[in-house]
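# Chain and residue survey
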Amino acid sequence: MKTKQLYLSDSYLKQADAKVAEIEQNEKITVVYLDQTIFYAQGGGQPADIGIIAGKNGTLTVSHVSYNNGKIQHKGMLSGTLEENDVVTLTIDWKKRYENMQLHTAGHVLDQAVKNIIPNVYGVDGTHGIQGKNYIEFNEEIKPDQLPQIQKEIENICAAGEDITTQMVTHAEIKAMGIHLPFDLPKNKDLRIMSIGSYPAMPDGGTQLKNTGECWPISVDSVQEKKNLWRVQYSVKHPQHKKSPESIKKKKEEHLPLVSLEELKVHATRLEQEVKADVDEGSPDLHTKYLGKNGLFNQLAKTIKDIGPAERKQAGMLLNQVKAKITAALKQTTTKQQHSAIDLTMPGTAPHVGHLHPVTQAMREITDIFEQIGFTRVRYPEVDWDWYVFESLNMPPHHPARDEWETFFVDVPDTTKDVAYDSNNPRKRHPSLVGGKVVLTTHTSNGQVREMERMDSTPPIRFINIARCYRRQQDATHTQMFHQFEGLVIDKHITIQHLKGTLDHFAQHFYGPTVKSRIRPFHFQFTEPSFEVDFSCHICDGTGVVNGEKCKFCKSGWHEVGGAGMVHPNVLKAGGIDPDIYTGFAFGWGVERTYTLKPGLNIDDIRLLYSSNIQFLEQF
Ligand code: PHE
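All residue numbers refer to positions counted from 1 along the written sequence of the respective chain. Selection of residues for local features in this predicted model requires a pLDDT of at least 70, selection of side-chain atom pairs for listing and counting requires 80 or more, and totals for whole chains, interfaces and linings are taken over all residues. Remark: hydrogens and water are excluded; side-chain values derive from all non-hydrogen atoms of the structure.

Another point: the pattern of salt bridges. Whenever a carboxyl oxygen of Asp or Glu lies within 4 Å of a side-chain nitrogen of Lys or Arg, that contact is scored as a salt bridge. Inspection of the entire model under this criterion finds 21 salt bridges. The partner of Glu22 in a salt bridge is Lys71, and the shortest N-O contact between them spans 3.2 Å. Here Lys71 lies in strand β7 (residues 71-80) and Glu22 lies in strand β2 (residues 15-25), a separation of 49 residues in the sequence. Exposure remark for Glu22: the relative accessible area of 28% places this residue in the partly exposed category. Categorising residues by exposure relies on relative accessible area from a 1.4 Å probe, with only protein chains included: less than 20% of the type maximum marks a residue as buried, more than 50% marks it as exposed, and the intermediate range marks it as partly exposed. Among the residues examined, Lys71 registers a relative accessible area of 22% and is labelled partly exposed. Where Asp111 meets Lys115, a salt bridge forms, and the shortest distance between an N and an O atom there is 2.8 Å. The numbering of helices and of strands both runs from the N terminus, where a helix is a DSSP run of H or I of at least 4 residues and a strand a run of E of at least 2.

Below, the structure is given as structure tokens:
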């Protein structure tokens, strides 16, 4: 049985009775078919109506309406029960529908206005509110500069207050009337034509206003070409938001949709059903959504001012009931949530905290240990004159000892003037006088003469210089960039004993109280005598034997860490210090090497320290 579409003959029906013809119950959605309906089934560019279908034992909240082979299906959520042959009351959301009517009629007015201006042009397709879009597509070009004229014509048609009439017809009648058909007519629907005033009729199945004077202000917004059709976009504004000419306004007021009690009931039922669904699904934050200051209940309650005085009291009572129902429904959530309540006594997840790089940690520890015995941390350039890195350290140009430092040279012009090296007065070749080559510092010993200069060649000097160094070598125990720390002490009467005492102090504080230092004869150009420094192994306590076997960590009882010695007289001279009055000692070791020998670390490849491997670095 076809559904009778009451809205085709009266688009102002807000409420009507009907009989249930058929019901389909799916999991959540119920589909109801009726003998007749006021619900507009989506089509012709107009969106479907929403509202409620209320029977004596149940209510369907209608969320969509569409055609199904001549029958109209009302889809929605059912609370209670509905049965075939039940007599039901249909109520549509009138505010929404009236807006749809405004948009639809506006489309026809726009179509008519264009036809009045450009002969032979007609609208081929249109959308009036579906997905927020409103446009008519015309078969011929409309230029943007014609839009103001079209706008003016629309205003004329509205101001003229033309009656809009409709008439049910058959296919044959339409043909006989010679009505222009820009599109194929549907075969399975009742046919209707509409006309604005005395303008030619055209097929239309939508819901239309009664008079063009009722139109809210229409504005033509833009025109765009799309696949050889010209799409004119338009919009309408509720006259309460915009001032409109007095005459139009007056006519509109007669039909302005104030909210009726019935409409309030529609919204109330929808709200109650939404709460129930949300509670069933266990959605979060329901109190705010429904009962919060800007919650859905307050939004609904605000409409009471739009309800006529006669119905206001009942509306108030209805709102009270709605609030009580929402509160009751939300109470259920609270009990539900209590079962899965959050355990406030559970320990939280600790935020991830990073730490300093192990090499930085080592440098800070080394600094602390030397500061305890009166050393001061200094810093000198990483890119320096050959003079400070080699020549002032008693290594004249081309001296073979330089080969031990696998040097990176910096590509800048060498401005050296040819001044002969004189070991009695090395300062003659100072870079401020002769220029020189520039290198990446191969060791922290470049700080020695720089410190003497900084101190105006006046001891005492007691520094700890920690800096990056660079050498052209890379393997398990060497990286091209590494760090050294260098000690330098210059004063009167400084002896090897001071050096030895300083080394022991460091060994005990850095490695452990039982660790001792040892010095062995060696050769450096810038110290005389020179030594290599070893520390006793903390695993085998310097014996080289663990449980009767050779210590695997040191193999000999000792670890070699670096060089040291008494500052060579030529170096003191290069720094302007008289070697007959002052003596000094110096030592210099790699930070990485010194650090990896610490008890418990056991890092056999120092390249790992610079691998940016967080898993590795996080251990320190
Ligand atoms: N500069 C030397 C090196 O890099 C170490 C050293 C420093 C030796 C101070 C003696 C005195 O190997």
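Next comes the rest of the account.
The next subject is the site of the ligand. Nearness is defined per residue: one heavy atom within 4 Å of the molecule or strand is enough. The immediate surroundings of the ligand are formed by 15 residues, with His443, Ser445, Arg471, Gln484 and Gly588 found nearest. Polar contact is the term for a pair of N or O atoms within 3.5 Å; when the atoms are in protein, one must be able to donate a hydrogen and the other to accept it, and sequence-neighboring residues count only if both atoms are side-chain atoms. Measuring from an oxygen atom of the ligand, one finds a side-chain N or O atom of Trp405 at 3.4 Å. Between the ligand and His443 there is a distance of 2.9 Å, counted from a nitrogen atom to a side-chain nitrogen or oxygen. Methods summary: accessible areas were calculated by the Shrake-Rupley approach with a probe of 1.4 Å, and residue burial reflects only the protein chains presented. Protein contacts shield 93% of the accessible area of the ligand, which totals 330 Å² for the unbound molecule. Element by element, the count of residues in the shell around the ligand is highest for strand β26 (residues 583-590), at three residues. The residue classification treats Ala, Val, Leu, Ile, Met, Phe, Trp, Tyr, Cys and Pro as nonpolar and Asp, Glu, Lys and Arg as charged. All others, Gly included, are polar. Within the shell around the ligand, the residues separate by chemical class into six nonpolar, seven polar and two charged.

Taken together, the three strands give an open sheet; going across it, the order is β11-β12-β13, and neighbouring strands pair in antiparallel fashion. Strands with a single pairing partner mark the edges of an open sheet, and in this sheet they are β11 (164-169) and β13 (202-203). Pairing of β11 with strand β12 (residues 191-196) involves six bridges; the strand directions are antiparallel. By the bridge assignment for β12, Thr166 is matched with Met194. Any two residues having at least one pair of non-hydrogen atoms within 4.5 Å are treated as being in contact. Lines fitted to C-alpha atoms define the axes here, with helix axes fitted over just the stretch in contact, and angles between the N-to-C directions of these axes take values from 0 to 180 degrees. Running over the sheet, helix α2 (residues 94-117) touches β11, β12 and β13 and is turned about 60 degrees from β12. Two strands pair if DSSP finds at least two bridges between them.

A few words now on a positive patch on the surface. Distance thresholds for patches are 9 Å for like charges and 5 Å for nonpolar side chains (Val, Leu, Ile, Met, Phe, Trp, Tyr), applied to residues having over 30% relative accessible area and no salt bridge. Working convention for charge: Lys and Arg count positive, Asp and Glu count negative, and His plus the chain ends are omitted. Think of each charge as sitting on NZ of Lys, CZ of Arg, CG of Asp or CD of Glu. On the surface, Lys95, Lys293, Lys302 and Lys305 cluster together into a patch of positive charge. Judged by relative accessible area, Lys293 falls into the exposed class, the value being 73%.

Working note: a packed helix pair is described by the angle between its axes plus the distance between those axes. At a minimum axis separation of 10 Å, helix α10 (residues 358-371) and helix α14 (residues 496-510) run at an interaxial angle of 130 degrees. On the basis of the axis angle, α10 is oblique to α14. Considering how the two elements wind past one another, α10 and α14 form a crossing that is right-handed. The segment α10 lies against α14, with Ala362, Glu365, Ile366, Ile369 and Phe370 engaging Thr502, His505, Phe506, His509 and Phe510. When its residues are assigned to classes, the contact of α10 with α14 shows six nonpolar, three polar and one charged. Relative orientations are named as follows: roughly parallel for angles under 35 degrees, roughly antiparallel for angles over 145 degrees, roughly perpendicular for angles from 65 to 115 degrees, and oblique for any other angle. Put simply, a crossing is left-handed when the front helix is turned counterclockwise from the back one by less than a right angle, and right-handed when it is turned clockwise.

Moving on, we come to the packing of aromatic side chains. In summary, the pairing rule links any two rings of Phe, Tyr or Trp, Trp by its six-membered ring, whose centres are within 6.5 Å, and it sorts them by plane angle into stacked for under 30 degrees, edge-to-face for over 60 and tilted for everything else. In this structure the tally under the stated criterion is 25 aromatic pairs. Ring centres 5.2 Å apart and planes at 85 degrees place the aromatic pair Phe510 and Tyr511 in the edge-to-face group. Across this residue pair, the class does not change: Phe510 and Tyr511 are buried. Counting every residue linked through ring pairs, the aromatic cluster contains Phe370, Phe375, Phe485, Phe506, Phe510, Tyr511, Phe535, Phe585, Phe587 and Trp589. Over the face of the ring belonging to Tyr135 we find Arg231, whose NZ or CZ atom lies 3.7 Å from the ring centre. The rule for a charge over a ring is simple: NZ of Lys or CZ of Arg within 6 Å of the ring centre, and within 35 degrees of the ring normal. Its guanidinium or amino end placed over the ring of Tyr388, Arg450 lies 4.1 Å from that ring's centre, counting from NZ or CZ.

Taken as a class, soluble globular proteins show a tendency for nonpolar side chains to be buried jointly. Joining through side-chain atoms within 4.5 Å is the link that ties buried Ala, Val, Leu, Ile, Met, Phe, Trp, Tyr and Cys residues into a set, and such a set is a nonpolar core. Counting 56 residues, the largest nonpolar core has Leu110, Ile142, Ile150, Ile154 and Ile218 as the members making the most contacts within it. Looking at which element gives the most residues to this core, the answer is α2, with nine residues. Here the limits of each domain have been adopted from an automatic or database domain assignment. Two domains each put at least three residues into this core: domain 1 (4-92) and domain 2 (98-254). Judged by nonpolar contacts, the second largest core, of 38 residues, contains Ile366, Val533, Phe535 and Phe620.

For the chain, the assigned domains read domain 1 (4-92), domain 2 (98-254), domain 3 (261-338) and domain 4 (358-617). Using only C-alpha atoms to locate each centre, domain 3 and domain 4 end up separated by 80 Å.

So, on to the pairing of strand β9 (residues 123-130). On any regular strand, side chains alternate: one points to one face of the sheet, the next to the other face. In this sheet, strand β10 (residues 133-138) lies alongside β9 in antiparallel orientation, the contact comprising six bridges. Looking across to β10, one finds that Thr127 is bridged to Tyr135. Hairpin connection of β9 to β10: two residues between the antiparallel strands, including Gln131 at a positive phi of 50 degrees.

Once that is clear, we can look at α10. Taking 1.5 Å per residue as the helical rise, α10 with its 14 residues ought to reach 20 Å, and the 20 Å between its terminal C-alpha atoms agrees with that figure. Considered for burial, the residues of α10 that qualify are Pro358, Val359, Ala362, Met363, Ile366, Thr367, Ile369 and Phe370. What a helix is expected to span follows from its residue count: subtract one and scale by 1.5 Å.

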